[in-house]
Amino acid sequence: MEFVTLNNGVEMPMVGFGTDAANDALSYGEVMDAAVQAGYRLFDTAAMYGNQNELGDFLAGSGLKRDDYFLTSKVAQKEQGYENTLQAFKNTTAALQTDYLDLYLVHWPKFDPFFETWRALEHLYKEGYVRAIGVSNFEAHHLDRLLTKATVMPAVDQIETHPYFNQHVLHGYLEELGIQHQAWSPLGRGAVLQDPVLAGIAERYGVSIAQVILRWQIQHNVAVIPKSGNPARMAQNLALDFQLTTTDMARIDALQRGERIMGAPDQNYTEDLW
Ligand code: A2P
């Protein structure tokens, strides 16, 4: 398992598991058990996913020791604000049956109580309830705004990233700031998994298209949290012990289309849903 050292010294696995994965034929516990058996030790959840109770029950009965795995959750839009965020943290940790998180993120950039939310995360960090704090779906202008008042630099920005939306400009800015780029939906949910250029590369290396995509992200120092409800694909997504050539990396970079699978952060944050 490859790790990356975050800007505060905390070690985070480069490949984690998106815990909102599902399989019609398996229970939630069976999906999660397959993920643990496959070797995942980073579990990514969010208040918004509505799965924290189930995940907490699973983890409590899994036999894993708490410090054997890295647990990420996110403050939902509705939970933002100073007091709300502190309460949200209590709810989240109670549901997950833990007294700390490894990483706590602001799920979407919403400006109203935004600084207050961050101040609450800084408090939780300084008091030792969370090992690292960060953001999700933050673009450069959101980060710039945050940094006018932040006293702790975010450790991670978790953003939509895949070959059709590779985020190379924001990636450069995150590197400059020392913030770790982590990709959600690294496989792009669908279309990109049929891409003929990726299919050609995958065939030459004797791996799947998904493995090529994940390896490409890791070689760009992008951490990933693929999800799959299928045990064989879960295992495949961890089998990334091969090296793409510079030429193949450039071929995949060139697939950029600026095509998101979800709305842009500035559209999403106005929606009640979030
Ligand atoms: P499934 O659960 O049937 O494996 P993302 O994490 O980028 O949002 O992608 C999730 C989607 O990608 C799911 O639909 C998942 O389907 C599919 N998926 C995950 N891993 C693989 C893989 N190795 N090959 C093909 N599809 C995959």
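Reading guide: rules and limits
Residues numbered from 1 in each chain as written. Predicted model: local features only at pLDDT ≥ 70, side-chain atom pairs only at ≥ 80, totals over all residues. Heavy atoms only, no water. Near = heavy atom within 4 Å. Polar contact = N/O pair within 3.5 Å; in protein donor to acceptor, adjacent residues only side chain to side chain. Areas by Shrake-Rupley, 256 points an atom, 1.4 Å probe, with all protein chains shown as cover. Nonpolar A, V, L, I, M, F, W, Y, C, P; charged D, E, K, R; others polar. Helix = DSSP H or I, 4+ residues; strand = E, 2+ residues; numbered from the N terminus. Buried < 20%, exposed > 50% of the residue type's maximum accessible area, 1.4 Å probe, protein only. UniProt positions renumbered as here; feature names shortened; annotations may be inferred. Contact = heavy atoms within 4.5 Å.

A. Representation of the site of the ligand. Taken together, 15 residues surround the ligand, and among them Ser185, Ser228, Gly229, Arg233 and Gln236 come closest. Contact between the ligand and Arg189: an oxygen atom at 3.2 Å from a side-chain N or O atom of the residue. The separation between a nitrogen atom of the ligand and a polar side-chain atom of Gln236 is 2.7 Å. Against a free-state accessible area of 570 Å², the protein chains account for coverage of 77% of the ligand. For the shell around the ligand, the class distribution of residues is five nonpolar, seven polar and three charged.

B. Fine view of the environment of Lys90. With respect to the secondary-structure elements, Lys90 resides in helix H3 (residues 82-96). In this structure Lys90 comes out as exposed when scored by relative accessible area, which is 54%. Separated by ten residues in the primary sequence, Lys90 and Tyr100 have C-alpha atoms spaced 9.6 Å apart.

C. View of the UniProt feature "active site" (unreviewed entry) in the chain. Residues given the UniProt feature "active site" (unreviewed entry) here are Tyr49. Here Tyr49 is to be found in the loop between strand E4 (42-44) and helix H2 (52-60). Not counting the four nearest positions on each side in its chain, Tyr49 is found in contact with Asp20, Asp44, Lys74 and His107.

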